[in-house]
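# Residue-level structural notes
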Amino acid sequence: QVQLVESGGGLVQTGGSLRLSCAASGRTFSMYAMGWFRQAPGKEREFVAAISRSYVTIYAESVKGRFTISRDNAKNTVYLQTLSLKPEDTAVYYCAADQTSYMSLNTDSSDYEYWGQGTQVTVSS
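Definitions and cut-offs
- Residues numbered from 1 in each chain as written.
- Predicted model: local features only at pLDDT ≥ 70, side-chain atom pairs only at ≥ 80, totals over all residues.
- Heavy atoms only, no water.
- Core = buried A, V, L, I, M, F, W, Y, C linked by side-chain atoms within 4.5 Å.
- Buried < 20%, exposed > 50% of the residue type's maximum accessible area, 1.4 Å probe, protein only.
- Helix = DSSP H or I, 4+ residues; strand = E, 2+ residues; numbered from the N terminus.
- Contact = heavy atoms within 4.5 Å.
- Pairing = 2+ DSSP bridges.
- Salt bridge = Lys/Arg side-chain N within 4 Å of Asp/Glu carboxyl O.

## Digging into the nonpolar core
As a rule of thumb, soluble globular proteins bury nonpolar side chains together. Judged by nonpolar contacts, the single largest core of 34 residues is most densely connected at M34, W36, L80 and Y93. Those elements giving two or more residues to this core turn out to be β3 (18-24), β4 (32-39), β5 (46-51), β7 (67-72), β8 (77-82), β9 (91-99) and β11 (119-124). Discounting residues that sit within four places of it in the chain, M34 has contacts with L4, C22, F29, A49, A50, I51, I69, R71, V78, A96, A97 and Y112.

## Some thoughts on the pairing of β5
Among the 6 residues of β5, 5 are classified as buried, and the element is accordingly described as predominantly covered. Relative to β5, β4 runs antiparallel, the two being bridged by 5 bridges. Bridge assignment links F37 to a residue of β5, and that residue is F47. Between β4 and β5, which pair antiparallel and follow one another directly, the connecting turn spans 6 residues, one of which, G42, has a positive phi of 75°. Looking at chain direction, β5 and strand β6 (residues 57-59) are connected through 3 bridges and run antiparallel.

## Details of the pattern of salt bridges
Any two side chains of opposite charge can pair, so long as their charged atoms come close to each other. If you walk through the whole model with that rule in mind, you get 4 salt bridges. Residues R38 and D89 are paired through a salt bridge, measuring 2.9 Å at the closest nitrogen-oxygen approach. Taken together, the residues R38 in strand β4 and D89 in the loop between β8 and β9 connect sequence positions 51 residues apart. We note that R38, like D89, is buried. The residue E61 makes a salt bridge to K64 at a minimum N-O spacing of 2.6 Å. E61 sits in the exposed class, given a relative accessible area of 62%.

The structure is reproduced here in structure tokens:
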């Protein structure tokens, strides 16, 4: 089992940046693909980015070129670097873990078994 704790959210102005972190417990972090999702008020949870066990990455079109996902297996941590933030990026951001094969990379939230509590990102206009 994996426990996930996000941090790094906050209030920023349009065009600003934040670096979100997600620390995982346990010694099997490298066995999980990791994803970031977000949920804005009144909207469904949506995929943001994911990184496979083999370090392949995939992004939602809405964040491509502005967000970067990375992982540090030695620190059991996955990061989401956000740049050029827009008001429409305002949401609670969740990290999630998917125990899957080495090359697999999923964008559907139902494929992820473990979830953090979320961190709020608010972008003011």
